[in-house]
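What follows is the residue order along each chain.
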Amino acid sequence: MSLARRARPEDAAEVLRLRQLMIDSLWSAGGAGPTDWHAESLPTLTERLADGDGDFAAFVVDRPDRPGALAALVAGTVEYRIGKAGNPRGRVGQVFSVATDPDARRRGYARACMEELLAWFRARGAGHVLLNASPEAEPLYSSLGFTRDPDPSMRLLL
């Protein structure tokens, strides 16, 4: 039995807390970023966590020492893109949040969550899975079979 479980609507605030932890570790130089967006995001996230058949899933590990708190989070979506060789159905998994509380790291929590998310992607017919990896996390993803791709991505903020 896995340490990880599918996140439920009542986990939404903790999922946001862990996502903020990830955002802060990647983008905020020397401190915590703004959290005022949490209040606006919470209702939508709660709805998405309640939709067990949708294109979004989050897997979490509970903190054994704090009931109601989470130790780790992995979240992703399945997207449709026009098919191609190697993925004729055009289903692509996208991992966009992976976070573990600093004092709960190196216990296999992120791995357990990733394994559950990868199984979820497979069950939905994803032909491949994409993610962005920090240097610290790359060994975990490599051990799960991920490889580096050249990154031609660009971004437009709307």
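Numbers given for residues are sequential positions, taken from 1 along each chain in its written order. Only residues with pLDDT of at least 70 are given local features in this predicted model, and only at 80 or more are side-chain atom pairs given and counted; all residues enter the totals for whole chains, interfaces and linings. Calculation of side-chain values draws on the structure's entire complement of heavy atoms; hydrogens and water are dropped beforehand.

Draft legend 1. Structural view of the overall build of the protein chain. Strands are runs of DSSP state E lasting at least two residues, helices are runs of H or I lasting at least four, and both sets are numbered from the N terminus onward. A count of helices and strands for the protein chain gives four helices and five strands. For 158 residues, the compact-globule estimate of 2.2 N^0.38 gives 15 Å, and the protein chain sits close to it at 16 Å. Considered along the principal axes of its C-alpha atoms, the protein chain spans approximately 45 × 35 × 35 Å. Exposure classes here rest on a 1.4 Å probe applied to the protein chains alone. A residue is buried below 20% of its type maximum, exposed above 50%, and partly exposed in between. Every one of the 158 residues in the protein chain was classed for burial, and the buried ones make up 39%. Of the contacts made within the protein chain by residues no fewer than 6 positions apart, 64% connect residues no fewer than 24 positions apart. Working note: accessible area of the protein chain is about 9900 Å², and carbon and sulfur atoms make up 55% of it. We compute the radius of gyration from the C-alpha atoms alone; for a globule the expected value is 2.2 Å times N to the 0.38, where N is the number of residues. By definition in these notes, contact holds between two residues if any of their heavy atoms fall within 4.5 Å. Each accessible area is a Shrake-Rupley result for a 1.4 Å probe, and residues are judged covered by the shown protein chains and nothing else.

Draft legend 2. Seen up close, the sheet that holds strand β2 (residues 56-62). Strand order across the open sheet formed by five strands is β1-β2-β3-β4-β5, with mixed pairing between neighbours. The sheet terminates laterally at β1 (5-6) and β5 (128-130), the two strands that pair on one side only. Two strands qualify as a pair provided that DSSP identifies no fewer than 2 bridges between them. With seven bridges joining them, β2 and strand β3 (residues 70-80) adopt antiparallel strand pairing. Bridged to Val61 within β3 is Ala72. Axis lines are fitted to C-alpha atoms, over the contacting stretch for helices. Their N-to-C directions set the angle, which ranges from 0 to 180 degrees. The strands that helix α3 (residues 109-123) touches are β1, β2, β3, β4 (91-100) and β5; relative to β3, the one it contacts most, it runs at about 25°.

Draft legend 3. Examining the environment of Ala104 more closely. Position of Ala104 relative to the elements: it lies in the loop between β4 and α3. Separated by 33 residues in sequence, Ala104 and Ala71 have C-alpha atoms that sit 6.2 Å apart. Sequence-distant contacts of Ala104, that is, excluding residues within four places in its chain, are made with Arg63, Ala71 and Tyr109.

Draft legend 4. Representation of the packing of aromatic side chains. Only centres within 6.5 Å qualify two rings of Phe, Tyr or Trp (six-membered ring in Trp) as a pair; their planes then separate them into stacked at under 30 degrees, edge-to-face at over 60, and tilted for everything else. What the rule picks out here adds up to three aromatic pairs. On the numbers, 6.1 Å between centres and 25° between planes, the contact of Phe56 with Phe96 is stacked. Of this pair, Phe56 sits in strand β2 while Phe96 sits in strand β4; the two residues are 40 residues apart in sequence, bridging distant segments of the chain. Among the residues examined, Phe56 registers a relative accessible area of 9% and is labelled buried.

Draft legend 5. Here's a closer look at α3. Look at α3: 21 Å from first C-alpha to last across 15 residues, which is about the 21 Å you get at 1.5 Å a residue. All of the buried residues along α3 are Tyr109, Ala110, Ala112, Cys113, Met114, Leu117, Leu118, Trp120 and Phe121. Where α3 is buried, its residues touch β1, β2, β3, β4, β5 and α4 (138-143). Backbone geometry just after α3 places Gly125 at a positive phi near 80°. Under the convention used throughout, the expected extent of a helix is 1.5 Å for every residue step, that is, one less than its residue count.

Draft legend 6. Inspection of helix α2 (residues 37-50) at higher detail. Taking 1.5 Å of rise per residue, 14 residues should cover 20 Å, and α2 covers 20 Å from first to last C-alpha, within 8% of that figure. A bend of about 30° at Pro43 is the largest found in α2. If you check which residues of α2 are buried, you get His38, Leu45 and Leu49. Throughout, bend refers to the angle between the axes fitted to the seven residues that end at a position and the seven residues that start at it.

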